[in-house]
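# Secondary and tertiary structure notes
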Amino acid sequence: GKYIIISAPSGSGKSTIVKKIMNHKELNLHFSISVTNRKPRTNEQDGKDYFFLSNEEFQRHIDNNDLLEYEEVYKGLFYGTLKSQIEKSIIEGKNIVFDVDVVGGNSIKNYFKERALSIFIQPPSIQELRSRLLKRGTDSVEMIEKRVAKAKNELMFAHSFDVIIINDHLEKAVEETLSAIKTFLNADKD
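This structure is a prediction, so every number in the text was calculated from the model and none was measured.

### Quick word on the pairing of strand E8 (residues 116-122)
The buried fraction of E8 amounts to six of the seven residues, a majority that puts the element mostly inside the structure. Looking at chain direction, strand E1 (residues 3-7) and E8 are connected through five bridges and run parallel. Its bridge partner being in E8, Ile 6 is matched across the sheet by Ile 119.

Put into structure tokens, the structure is as follows:
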């Protein structure tokens with residue numbers, strides 16, 4: 001299997017794009033479910049969207065070196081990738097898709113090197129990003145401003161990814177993402 005990393009600032013449409021590409025069964029994709037110590041949003045399910053852990057459980061995974069990567073995204077709020085999730089999928093020969101933040105995406109790319117394709121989903125503008133976060137309706141205005149400030153910083157790392165896709169039209173961004181993935185998966189089949 002190969003590794004496909006999709007990263008973006010919060011609100012860029014990354015998770016929506018990932019859900020759409022996961023419908024392409026011919027690509028033999030397996031979604032790597034991240035772990036977090038935050039509470040689930042109303043539409044999220046444990047074991048499907050994330051593995052929701054207590055602070056103590058997350059710290060235990062850090063202490064036991066169970067995580068491929070992790071980050072304190074906001075003060076006291078952690079996200080990470082369990083090594084056990086990856087090992088199981090690799091044994092099954094699947095191509096693993098990571099839906100991770102920008103720092104996590106760079107960490108995974110540095111770990112897997114050329115065996116991984118890193119894709120950065122970029123919003124058309126910071127104003128559009130703020131608008132999307134407001135429409136999503138899952139965060140307070142204070143948290144939205146924190147996400148926007150973090151996004152401004154994350155945009156400076158776009159150049160460290162293999163592919164940059166601007167999500168100004170969702171279907172176009174999905175097609176561009178699929179095209180990049182298919183090219184990467186077929187690269188050594190000549």
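Having put the structure on the table, let's press on.
### What about the nonpolar core?
As a rule of thumb, nonpolar side chains are buried together in soluble globular proteins. Of all hydrophobic cores here, the largest spans 21 residues; its most connected members are Ile 4, Ile 6, Ile 21, Val 97, Ile 119, Ile 121 and Ile 181. At the level of secondary structure, the elements contributing two or more residues to this core comprise E1, helix H1 (14-21), E8 and helix H7 (170-186). Excluding anything up to four places from it in sequence, Ile 4 contacts Leu 29, Asn 95, Ile 96, Val 97, Phe 98, Leu 117, Ile 119, Ile 181, Phe 184 and Leu 185. If you look at the next biggest cluster of nonpolar residues, it comprises 10 residues, including Ile 5, Ile 96, Phe 98 and Ile 108.

### Brief notes about the environment of Val 141
With respect to the helices, strands and loops of the structure, Val 141 is situated in helix H6 (residues 141-154). C-alpha of Val 141 to C-alpha of Arg 130: the two residues are 11 residues apart in sequence and 9.9 Å apart in space.

### Thoughts on H7
Look at H7: 24 Å from first C-alpha to last across 17 residues, which is about the 24 Å you get at 1.5 Å a residue. The set of residues buried in H7 consists of Ala 173, Val 174, Thr 177, Leu 178, Ala 180, Ile 181, Phe 184 and Leu 185. Taken end-on, H7 shows its buried residues confined to a sector of 165°, consistent with a single buried face. Turned more than 90 degrees away from the buried face of H7, the exposed residues are Glu 175 and Thr 183. Residues of H7 that are buried make contact with E1, H1, strand E7 (95-100), E8 and strand E9 (163-166).

### Description of the packing of helix H5 (residues 126-136) against H6
For the pair H5 and H6, the least separation of the axes is 10 Å and the interaxial angle reads 150°. You can see that H5 and H6 cross each other, and the crossing is right-handed. When H5 is examined against H6, the residues Ile 126, Leu 129, Arg 130, Leu 133, Leu 134 and Arg 136 are found in contact with a partner set consisting of Ile 144, Glu 145, Arg 147, Val 148, Ala 151 and Lys 152. Residues that form the contact of H5 with H6 fall into these classes: seven nonpolar, no polar and five charged.

### Focus on helix H3 (residues 83-91)
Every buried residue belonging to H3 is among Gln 85, Ile 86 and Ser 89, and all of these are buried. For H3, the arc enclosing every buried residue in end-on projection is 95°, short of the 170-degree limit, so these residues lie on one face. Exposed and facing more than 90 degrees away from the buried side of H3 are Lys 88 and Ile 91. Gly 93 lies just past H3 and shows a positive phi near 75°.

About the thresholds
Residues numbered from 1 in each chain as written. Predicted model: local features only at pLDDT ≥ 70, side-chain atom pairs only at ≥ 80, totals over all residues. Heavy atoms only, no water. Buried < 20%, exposed > 50% of the residue type's maximum accessible area, 1.4 Å probe, protein only. Helix = DSSP H or I, 4+ residues; strand = E, 2+ residues; numbered from the N terminus. Pairing = 2+ DSSP bridges. Core = buried A, V, L, I, M, F, W, Y, C linked by side-chain atoms within 4.5 Å. Contact = heavy atoms within 4.5 Å. Expected span 1.5 Å × (residues − 1). Arc of directions from axis to C-beta. Axes fitted to C-alpha atoms, helices over the stretch in contact; angles between N-to-C directions. Left-handed = near helix turned anticlockwise from the far one by under 90°. Nonpolar A, V, L, I, M, F, W, Y, C, P; charged D, E, K, R; others polar.

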